[in-house]
Amino acid sequence: MSHIVSFKDVHKSFGTLSVLKGLNFDVAKGEVVALIGRSGSGKSTALRCVDRLEVIDRGEISVCGHRVSDPKINLRRLRQDVGIVFQSYNLFPHLTVEQNITLAPRWVKKIDRNKARNLAQEVLAQVGLEEKIDYYPEQLSGGQQQRVAIARSLAMRPQVMLFDEVTSALDPELTGEVLKVIEDLARKGMTMLLVTHEMAFAARVANRIIFMHQGQIHETGTSEILRNPSTAELRSFVGTGL
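Residues numbered from 1 in each chain as written. Predicted model: local features only at pLDDT ≥ 70, side-chain atom pairs only at ≥ 80, totals over all residues. Heavy atoms only, no water.

So what's going on with the sheet that holds strand S9 (residues 208-213)? Which residues, and what values?
The sheet built from 6 strands is open, its strands ordered S6-S7-S8-S3-S9-S10 with mixed pairing. Taken across any chain shown, the strands that pair with only one partner, and hence form the sheet edges, are strand S6 (82-85) and strand S10 (216-221). The sheet shows a mean angle of 20° between the axes of neighbouring strands, taken without regard to direction. Here 4 bridges tie strand S3 (residues 32-36) to S9, and the two strands are oriented parallel to one another. Within the sheet, the bridge partner assigned to Ala-34 lies in S9 and is Ile-209. Where helix H5 (residues 142-154) meets the sheet, it contacts S6 and strand S7 (160-164), and its direction lies at approximately 170° from that of S6. Contacts between helix H6 (residues 172-187) and the sheet are confined to S3, S7 and strand S8 (191-195), with S8 contributing the most and set at about 145° to the helix. (Pairing = 2+ DSSP bridges. Helix = DSSP H or I, 4+ residues; strand = E, 2+ residues; numbered from the N terminus. Axes fitted to C-alpha atoms, helices over the stretch in contact; angles between N-to-C directions. Contact = heavy atoms within 4.5 Å.)

Describe empty space enclosed by the protein, naming the residues involved and giving the relevant values.
This model, assessed by the stated rule, comprises 2 cavities of 30 Å³ or more. Size it by volume and the largest cavity reaches roughly 60 Å³. What lines the largest cavity is simply Phe-163, Glu-165, Val-166, Thr-167, Leu-179, Ile-182, Leu-194, Val-195, Thr-196 and Phe-201. Of all the secondary structure elements, the ones that give two or more residues to the lining of the largest cavity are H6 and S8. Along the lines of polarity and charge, the residues of the lining of the largest cavity split into 7 nonpolar, 2 polar and 1 charged. Reported here for the second largest cavity is a volume of approximately 30 Å³. Taken together, Cys-49, Arg-52, Glu-54, Val-55, Ile-56, Ile-61, Val-68 and Ser-69 make up the full set of residues lining the second largest cavity. A per-class count over the lining of the second largest cavity returns 5 nonpolar, 1 polar and 2 charged. (1 Å grid on protein atoms, 1.4 Å probe; cavity = no way out; pocket = protein on both sides within 12 Å on 5 of 7 lines; lining within 4 Å. Points joined across faces, edges and corners; volume = space filled by probe spheres on them. Nonpolar A, V, L, I, M, F, W, Y, C, P; charged D, E, K, R; others polar.)

Structure representation (structure tokens):
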């Protein structure tokens, strides 16, 4: 399988704090990889480096054929190939759901209004919110807003989707509806790299789980590593939650 994302000896510091310490891993086309670990382990920083929201100090990252570590990289083209969804929904409150979703496709890809609305309807159908197309964010629950944020990323037809703790601000019922959308994307073959604290979800959806500890990959494998950790650190992290 061809690699969509590749990290080679990636280092990243914030001042004197070393956050990523020689990270090496690949994500293949159609693969779902979950990054887990304690707060401060470097998992969210690693995710943000994929979209070049953070610039690495040394090493190499390639994403969808883009050399992310190249200072001359075309960020617009990179971000057409990479969709990212954060913990906060980041929807524009003064725009409708349709307008939030179609803003980037109309601006970047220059599609006309009718095609844009059809696109909005299509991606909203993927997240189960077709009937909310003319609503404003304040009229939606937190889970619905997060699903609109996912639809907005899908509207750009990305090759890979990044999810950074997308359910951490939601109550359990709303968490379930968002995780269902991500599971559906996985079944349809979307390449995904996700940071999550939902261990049961990671075990169910991810092809591979990467446990990060102090800026390094400490353990990696299938969901089996959550049931039978080989290191004391992962055993302590997982606890008895599974």
